[in-house]
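This is what each chain is made of:
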Amino acid sequence: MSSYRFVNYSWDDAKAASLDPVGRLVYRSNILGADQRITNTGGGNTSSKLVEKDPLSGEQTEVLWVKGSGGDLRTAGREFFSSLYQSKLVSLQKVYGERGDKGLKSQAEDDMVAAYTHCTFNLNPRASSIDTPLHSFVPGKHVDHMHPNAIISIAASKRCVELTKEIFGGAMDYVPWMRPGFELGLAMQEIARNNPGTRAIMMGQHGFIAWANDDKECYKQTLDFIEKAAAYIDQKYQAKGGDAAAFGGGRYQSLAQEKRSELFAAILPWLRGQVSQQRRFIGTVQDDEKILRFVNSHHAPRLAELGTSCPDHFLRTKIKPLYIPWDPQHGTLADLKKLLSEGLAKYRQDYKAYYDKCKHDNSPAMARREPDRGAHPRPGPDRLGQGQERIAGDRGVLQLRGGSDARRGGD
Ligand SMILES: [Zn+2]
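The name given to the chain in an unreviewed UniProt entry is Rhamnulose-1-phosphate aldolase/alcohol dehydrogenase, with the source organism recorded as Chthoniobacter flavus Ellin428.

**Student:** Go over the overall build of the chain with me, naming the residues and quoting the values.
**Tutor:** Along the backbone of the chain there are 15 helices and 11 strands. Looking at the chain residue by residue over its 411 residues, the buried ones come to 51%. Long-range pairs, those at least 24 residues apart, make up 70% of the contacts in the chain between residues at least 6 apart in sequence. As presented, the chain carries roughly 19,200 Å² of accessible surface, and 53% of it is formed by carbon and sulfur atoms.

**Student:** Tell me about the pairing of strand E4 (residues 142–146), and please be specific about residues and values.
**Tutor:** Across the five residues of E4, five count as buried, placing the element largely inside the fold. Neither face of E4 is open: one carries His142, Asp144 and Met146, the other Val143 and His145, and all of them are buried. Two elements, strand E1 (residues 45–53) and E4, share four bridges in a ladder whose sense is antiparallel. By the bridge assignment for E4, threonine 46 is matched with aspartate 144.

**Student:** Before we move on, could you go through the packing of helix H2 (residues 21–33) against helix H9 (residues 215–239) and cite the residues and values that matter?
**Tutor:** Viewed as axis vectors pointing N to C, H2 and H9 meet at an angle of 15 degrees, and their least axial separation amounts to 11 Å. Between H2 and H9, the interaxial angle falls into the category roughly parallel. Both H2 and H9 take part in a crossing whose hand is right-handed. Residues Arg24, Arg28, Ile31 and Leu32 of H2 touch H9, and the partners they reach there are Asp215, Cys218, Tyr219, Thr222 and Leu223. Its residues assigned to classes, the contact of H2 with H9 comprises five nonpolar, one polar and three charged.

**Student:** Give a detailed account of the packing of aromatic side chains, specifying residues and quantitative values.
**Tutor:** Counting across every chain of the model gives 10 aromatic pairs. Here the aromatic residues Trp11, Tyr27 and Tyr219 are joined through ring pairs into a cluster of three or more. Against the face of tyrosine 9 rests lysine 220, its NZ or CZ located 4.6 Å from the ring centre.

**Student:** An account of the sheet that holds strand E7 (residues 207–212) is needed here, citing residue identities and associated values.
**Tutor:** As summarised here, the arrangement of the seven strands in space is E3-E2-E1-E4-E7-E6-E5, forming an open sheet in which the pairing is mixed. Looking at the sheet topology across the chains shown, the edges are occupied by strand E3 (81–85) and strand E5 (172–175). Sheet twist, expressed as the average angle between the axes of neighbouring strands with direction ignored, equals 20 degrees. In this structure, E5 lies alongside strand E6 (residues 200–203), joined through four bridges in parallel fashion. Across the sheet, residue aspartate 173 finds its bridge partner in E6, namely isoleucine 201. Set on the sheet, H9 makes contact with E4, E5, E6 and E7; between it and E7 the angle comes to about 145 degrees.

**Student:** If you had to explain the side chain of threonine 222 to someone new, which residues and values would you point to?
**Tutor:** Tracing the chain through its elements places threonine 222 in helix H9. The class of threonine 222 is buried, set by a relative accessible area of 0%. Non-local contacts of threonine 222, meaning those with residues more than four positions away in its chain, are made with Leu32, Asp144, Met146, Phe208 and Ala210.

**Student:** Quick rundown of the nonpolar core? Include the residues and the values.
**Tutor:** Ranked by internal contacts, the top residues of the largest apolar core, which has 30 residues, are Ile151, Phe168, Met172, Met202, Phe208 and Phe225. Within the residue set of this core, elements represented by two or more residues are H2, helix H6 (149–155), helix H7 (160–168), E6, E7 and H9. Non-local contacts of phenylalanine 208, meaning those with residues more than four positions away in its chain, are made with Asp144, His145, Met146, Pro148, Ile151, Met172, Ile201, Met202, Met203, Thr222, Phe225 and Ile226. Membership of the second largest hydrophobic core comes to 14 residues, among which are Ala192, Ile201, Met203 and Trp211.

**Student:** Any details on H2? Residues and values, ideally.
**Tutor:** In a regular helix each residue adds 1.5 Å, so 13 residues correspond to 18 Å; H2 covers 18 Å between its end C-alpha atoms and thus fits that length. The buried count for H2 comes to 10 of 13 residues, which makes it a mostly enclosed element. Taken as a whole, H2 has its buried residues at Val22, Gly23, Leu25, Val26, Tyr27, Arg28, Ser29, Ile31, Leu32 and Gly33. In this structure, the buried side of H2 is in contact with helix H1 (13–17), E1, strand E2 (60–67), E3, E4 and H9.

**Student:** Can you explain unusual backbone geometry? Please cite residues and give values.
**Tutor:** Most peptide bonds take the trans form, and the phi angle of most residues other than glycine is negative. Phi angles above zero are rare outside glycine, and lysine 105 is one such case at about 65 degrees. Positionally, lysine 105 belongs in the loop between helix H3 (86–97) and helix H4 (107–115). Judged by relative accessible area, which is 66%, lysine 105 ranks as exposed. In this model, glutamine 205 sits at a positive phi of 55 degrees, which is unusual for a non-glycine residue. Relative to the elements of secondary structure, glutamine 205 occurs in the loop between E6 and E7. In this structure glutamine 205 comes out as partly exposed when scored by relative accessible area, which is 39%.

**Student:** Go over the packing of H3 against helix H8 (residues 182–194), please, and point to the residues and values.
**Tutor:** Running from N to C, H3 and H8 cross one another at 110 degrees; their axes reach a closest spacing of 12 Å. The orientation of H3 relative to H8 falls into the category roughly perpendicular. Helix-helix and strand crossings are classified by hand; for H3 and H8 the assignment is left-handed. The residues of H8 that touch H3, namely those facing Leu92, Gln93 and Tyr96, are Phe182, Glu183, Leu186 and Gln189.

**Student:** For the pairing of E2, give the residues involved together with the corresponding values.
**Tutor:** Where burial is concerned, most of E2 is hidden: six out of the eight residues are buried. Hairpin connection of E1 to E2: six residues between the antiparallel strands, including glycine 58 at a positive phi of 80 degrees.

The rules behind each value
- Residues numbered from 1 in each chain as written.
- Predicted model: local features only at pLDDT ≥ 70, side-chain atom pairs only at ≥ 80, totals over all residues.
- Heavy atoms only, no water.
- Helix = DSSP H or I, 4+ residues; strand = E, 2+ residues; numbered from the N terminus.
- Buried < 20%, exposed > 50% of the residue type's maximum accessible area, 1.4 Å probe, protein only.
- Contact = heavy atoms within 4.5 Å.
- Areas by Shrake-Rupley, 256 points an atom, 1.4 Å probe, with all protein chains shown as cover.
- Pairing = 2+ DSSP bridges.
- Axes fitted to C-alpha atoms, helices over the stretch in contact; angles between N-to-C directions.
- Parallel < 35°, antiparallel > 145°, perpendicular 65-115°, else oblique.
- Left-handed = near helix turned anticlockwise from the far one by under 90°.
- Nonpolar A, V, L, I, M, F, W, Y, C, P; charged D, E, K, R; others polar.
- Phe/Tyr/Trp six-rings, centres within 6.5 Å; stacked < 30°, edge-to-face > 60°.
- Lys NZ or Arg CZ within 6 Å of the ring centre and 35° of its normal.
- Core = buried A, V, L, I, M, F, W, Y, C linked by side-chain atoms within 4.5 Å.
- Expected span 1.5 Å × (residues − 1).

Take a look at the structure:
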């Protein structure tokens, strides 16, 4: 591989050396979370198994420090990590094993989540993530669980198992999609026991988990796995014709930056009003080169309709973006408003139809989709729409975000 990397190491030895073990975990988490190619906002979690003095016995004991429920890796401080007795977490396997009702989505699974509180070390008040058993039951002292786009592209593909082997050889194993929780932790433990050479697991339709006994090694390894996936995809992408084949070239001539800003100023307050009819949103505008390449492409309408490919992306985009075709050179502001109004009406209709088709008995009402603490994104409407809309048009993407997103649990 050449010296060019998709994801660059940003680990600083001097900085790490100045920190205590939990500080190093926070540092590792922050630099992982700072790069959107490594994990999405609010997505992924990290852990370290550290030996500490037990305040109850004075003995040295192993403590799992793991990113807790809520917050974002990029900004999470020490208070965002829960600390649990590793031995107690492992002993829950016996309790779980004796339950007659165990299995995915079982009451026993849910009861294990409630039991994490009983494993708390040193009265740490941070609520544990539902991903805690994943971190506890894999063998590495340091564990990173990330949702990188490059890995998700493999994880959400039809040929995931085959591609994982082809790209990573024996270094990465595979587990099919499972709602994160106790069963998934046990499945990962089994995989690691059966294949002691494995250092990572591809999580079908989800992301991946990787571990090492040294924290810097864990960090670098996580990036190397992402790098490998990205390089593989890029090589195939270029071989198939690159951007021209993927997007079919540009449709319209772009507006100059100044004109674009004027247009945003004219349309955004109105648009915000349009999307805030049921709930108030604030918006983010993205009009960088990559976004423009996509939204202005010939294939954008078809690609936007394909929708999202993994549960975590539902949280950001719902099932699909609203795409509006508009020619900035010839279209008027009134045309654009009309197209947006019609598009939004159709989008709401489509979304309601989708929601009604997929909802479960216990799904929250569509208009109030507050995240349930400790829950994890999973396919289905009960994890959709954390108050976000995304509107893609010829001039950029407008993301509108409600206030509840930062409080969602799980990873
Ligand atoms: Zn995850």
